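Residues per chain are reported as follows:
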Amino acid sequence: MSIPIAFYICLTLFLSIFYGIDGYFYHRVSECRYSSKDLQGIEYIDSFYFNQAEHVRFNSTVGKYVGYTEYGVKSADAWNKDYLVQELGALESYCKYNAAIYYGAILDKTVAPHVRLSSVTPPSGRHPAMLMCSAYDFYPKPIRVTWLRDGREVKSDVISTEELANGDWYYQIHSHLEYTPRSGEKISCMVEHISLSEPMMYHCDPSLPEAERNKIAIGASGLVLGAILALAGLIYYKKKSAGVL
Ligand SMILES: *[C@@H]1O[C@H](CO)[C@@H](O)[C@H](O)[C@H]1NC(C)=O
């Protein structure tokens, strides 16, 4: 499965100092920006803000401080003489050192989806039937949900949601297939995800949809109940007419 894994972890370190009640606000944000699964391309950004305006930034790719205001330019000049070694070291000692821990704790974790295939009411009259294939609680985000009709991929009349974030690190997705049933065909939902060693197939029950099955079950129970009552009535009648009762 060739799903690109894109991830972005941002570590924020806040140092805030307040002066007086009206508040001068000074803060610093140190970020490690990770952009690939190997340790390549890690960027260390150290930004300094005064009253919410960034005036100096150290960017490890640039390799020095850059000032954005008059005061910032002066600071950058001074700091480039004094602190450059420290800042350059942070890329190794802070970002790369921690990357292994974060990668191990988060990125290498995968959780397989729970998949449910159900029959739902189609919204319009174009096709009489619709199936919904829902994958719940998977991680990470990239996933592929496809429909197969007798083993061949169906592309038309398929509507899918995006991968929706649950808000608890897990995702869910829902794919719909509108279709006109053909007798004897097999419809399947195929789910591919990094947590699965091979694509998972979920087959649609080829018999009647659930609503139809329920109607038949209710009808059949009614029939049985009616037959029992009729039989009881008949026995009662027979016995009564024979003078037993
Ligand atoms: C850091 O510098 C590189 C090279 O100029 C640039 O591509 C990148 O966007 C910069 N990152 C930030 C967060 O400014």
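Residues numbered from 1 in each chain as written. Predicted model: local features only at pLDDT ≥ 70, side-chain atom pairs only at ≥ 80, totals over all residues. Heavy atoms only, no water.

## Structural notes on the nonpolar core
Across soluble globular proteins, nonpolar side chains show a tendency to be buried alongside one another.
Item 1. Ranked by internal contacts, the top residues of the largest apolar core, which has 20 residues, are Trp147, Ile187 and Val191.
Item 2. In terms of residue count, strand β7 (residues 129-138) provides more of this core than any other element does, five residues in total.
Item 3. Counting residues in each nonpolar core, the second largest holds 16 residues, with Phe48, Val56, Trp79 and Tyr103 among its members. (Core = buried A, V, L, I, M, F, W, Y, C linked by side-chain atoms within 4.5 Å. Buried < 20%, exposed > 50% of the residue type's maximum accessible area, 1.4 Å probe, protein only. Helix = DSSP H or I, 4+ residues; strand = E, 2+ residues; numbered from the N terminus.)

## Quick word on the site of the ligand
Item 1. The full set of residues close to the ligand is Arg33, Glu43, Ile45, Arg57, Asn59, Thr61 and Val62.
Item 2. Here Glu43 contributes a side-chain N or O atom positioned 3.1 Å from a nitrogen atom of the ligand.
Item 3. Arg57 is positioned with one of its side-chain polar atoms (N or O) 2.6 Å from an oxygen atom of the ligand.
Item 4. Here the ligand has 360 Å² of accessible area as a free molecule, and 53% of this is covered by the chains.
Item 5. When contributions to the shell around the ligand are tallied by element, the ones reaching two or more residues are β3 (43-50) and β4 (53-59).
Item 6. The residue inventory of the shell around the ligand, partitioned by class, reads two nonpolar, two polar and three charged. (Near = heavy atom within 4 Å. Polar contact = N/O pair within 3.5 Å; in protein donor to acceptor, adjacent residues only side chain to side chain. Areas by Shrake-Rupley, 256 points an atom, 1.4 Å probe, with all protein chains shown as cover. Nonpolar A, V, L, I, M, F, W, Y, C, P; charged D, E, K, R; others polar.)

## Here's the deal with helix α2 (residues 84-107)
Item 1. When the local axis directions of α2 are compared, the greatest deviation, roughly 35 degrees, occurs at Ala90.
Item 2. Those residues of α2 not exposed but buried are Glu87, Ala90, Leu91, Cys95, Asn98, Ala99, Tyr103 and Leu107.
Item 3. Buried residues along α2 sit against β2 (24-33), β3, β4 and β5 (64-67). (Bend = angle between axes of the 7 residues up to and from the residue. Contact = heavy atoms within 4.5 Å.)

## Quick word on the UniProt feature "transmembrane region" (unreviewed entry) in the protein chain
Item 1. In the numbering used here, UniProt assigns the "transmembrane region" (unreviewed entry) feature to residues 6-26 and 216-237.
Item 2. The span residues 216-237 shows a helical share of 100% and a strand share of 0%, and its end C-alpha atoms are spaced 31 Å apart. (UniProt positions renumbered as here; feature names shortened; annotations may be inferred.)

## A few points about the packing of aromatic side chains
Item 1. Using the criterion set out here, one finds 11 aromatic pairs in the structure.
Item 2. Between Tyr65 and Trp79 the ring centres are 5.3 Å apart and the planes differ by 70 degrees, which places this aromatic pair in the edge-to-face class. Pair noted here: Tyr65 is in strand β5 and Trp79 is in helix α1 (residues 70-82), with a separation of 14 residues, a long-range link.
Item 3. Judged by its relative accessible area of 18%, Trp79 falls in the buried class. (Phe/Tyr/Trp six-rings, centres within 6.5 Å; stacked < 30°, edge-to-face > 60°.)

## Brief notes about the side chain of His55
Item 1. Inspection of the secondary structure assignment puts His55 in strand β4.
Item 2. In this structure His55 comes out as buried when scored by relative accessible area, which is 2%.
Item 3. Beyond its immediate stretch of four places on either side in the chain, His55 contacts Tyr26, Phe48, Tyr49, Phe50, Val66, Gly67, Tyr68, Thr69, Tyr71 and Gly72.

## A word on the pattern of salt bridges
Item 1. By the definition in use, this model includes eight salt bridges.
Item 2. Between Arg126 and Asp157 there is a salt bridge; the shortest N-O distance is 3.1 Å. Of the two residues, Arg126 is situated in the loop between β6 (114-120) and β7 and Asp157 in the loop between β9 (152-154) and β10 (158-160); the sequence distance between them amounts to 31 residues.
Item 3. Residue classification places Arg126 among the exposed residues on the basis of a relative accessible area of 57%.
Item 4. You can call Asp157 partly exposed: its relative accessible area is 23%.
Item 5. Several salt bridges converge on common partners, so that one network encompasses Arg149, Arg182 and Glu185. (Salt bridge = Lys/Arg side-chain N within 4 Å of Asp/Glu carboxyl O.)

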